Amino acid sequence: MEKRILLFLSLSLISLTACGTTPVAGPAEMAEDIKYVALTFDDGPRKGTTDRLLNGLRDRDASATFFLVGEQIEANQELVARMRDEGHQIGNHTWSHQRLADASPALISQEVGRTEEILESLLGGGEYWLRPPYGLVSPGSEDLITVPMVKWSVDPRDWESRDTEKVVQAVLQNVQPNSIILLHDIYPTSVDAALRIVDVLAEKGYWFVTVKELLLLNGIDPQAGAMYRNGNP
Ligand code: NI
């Protein structure tokens, strides 16, 4: 709980500084001692794995970002509501996990828009940031995207090895402050790995925040259509 309050204060200070009204120690100074990192989970929600992950994150006071596949949302509404209620960021991973790297503008709008619609009907209006499957949209189509896009800087290829220990080691060897870590909450091994990663990195002074929080804490003003790979200012 304390972490959430401190985080809230840091983020409030950032908005105050942005208005130029506060001469006190800025958020950059506060943030210097703390290392922030963002865990992101793609391809869910999935019963049996996502709920276990949510329990573990709650027990550890850790926030994360979930990029959801639209067609899996209706059958898993209670998991999506939990993500929102427990302070996680919810994003869009297209309706049917469509590769957007060479998709037509019409297909991109449809895949992204349909997922936005179901999220809005379930959670209300808001900005649902996009992680395009495989991290790419076709060149020139950035104008179609009305939200910030999120890639990653640490990819342990958890879907390939499905090996908890390998995933943990790959992340620990590559993580840095402001990393965005890519995992998939549809594999039991990835859930186990994620919770181990939180335990180990928390000991080393890392705080687990959402992607949006990571960018704001670093003074970044997220732009629609831009792709963010980490939280480095
Ligand atoms: Ni995916």
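Computed from a predicted model, the values in this text were never measured in an experiment. (Residues numbered from 1 in each chain as written. Predicted model: local features only at pLDDT ≥ 70, side-chain atom pairs only at ≥ 80, totals over all residues. Heavy atoms only, no water.)

(A) Fine view of the packing of aromatic side chains. This structure, assessed with the given rule, holds two aromatic pairs. Between Tyr-36 and Trp-207, the ring centres sit 6.1 Å apart and the planes meet at 90°, which makes this aromatic pair edge-to-face. Here the residue Tyr-36 occupies a position in strand S1 (residues 35–42), and Trp-207 occupies one in strand S6 (residues 206–208), the gap between them amounting to 171 residues. On the basis of relative accessibility, which here comes to 4%, the residue Tyr-36 falls in the buried class. By relative accessible area, which is 15% here, Trp-207 ends up buried. Aromatic side chains Phe-41 and Phe-66 sit 5.4 Å apart centroid to centroid with 25° between the ring planes, which places their arrangement in the stacked category. Separated by 25 residues along the polypeptide, Phe-41 in strand S1 and Phe-66 in strand S2 (residues 65–68) bring together distant segments of the chain. Each member of the pair, Phe-41 as well as Phe-66, is classed as buried. (Phe/Tyr/Trp six-rings, centres within 6.5 Å; stacked < 30°, edge-to-face > 60°. Helix = DSSP H or I, 4+ residues; strand = E, 2+ residues; numbered from the N terminus. Buried < 20%, exposed > 50% of the residue type's maximum accessible area, 1.4 Å probe, protein only.)

(B) Structural context of the pairing of strand S5 (residues 180–184). With five of five residues buried, S5 lies mostly within the body of the structure. Neither face of S5 is open: one carries Ile-180, Leu-182 and His-184, the other Ile-181 and Leu-183, and all of them are buried. The sheet contact formed by S1 and S5 spans five bridges and is parallel. Bridge pairing in S5 links Thr-40 to Leu-182. (Pairing = 2+ DSSP bridges.)

(C) Spotlight on helix H4 (residues 77–85). When H4 is considered as a whole, its buried residues turn out to be Leu-79, Val-80, Arg-82 and Met-83. Viewed end-on, H4 has its buried residues packed into an arc of 155°, placing them on one side of the element. In this fold, the buried residues of H4 make contact with helix H3 (50–60), S2, strand S3 (89–92) and helix H5 (105–123). (Arc of directions from axis to C-beta. Contact = heavy atoms within 4.5 Å.)

Taken by themselves, the reported measurements are silent on function.
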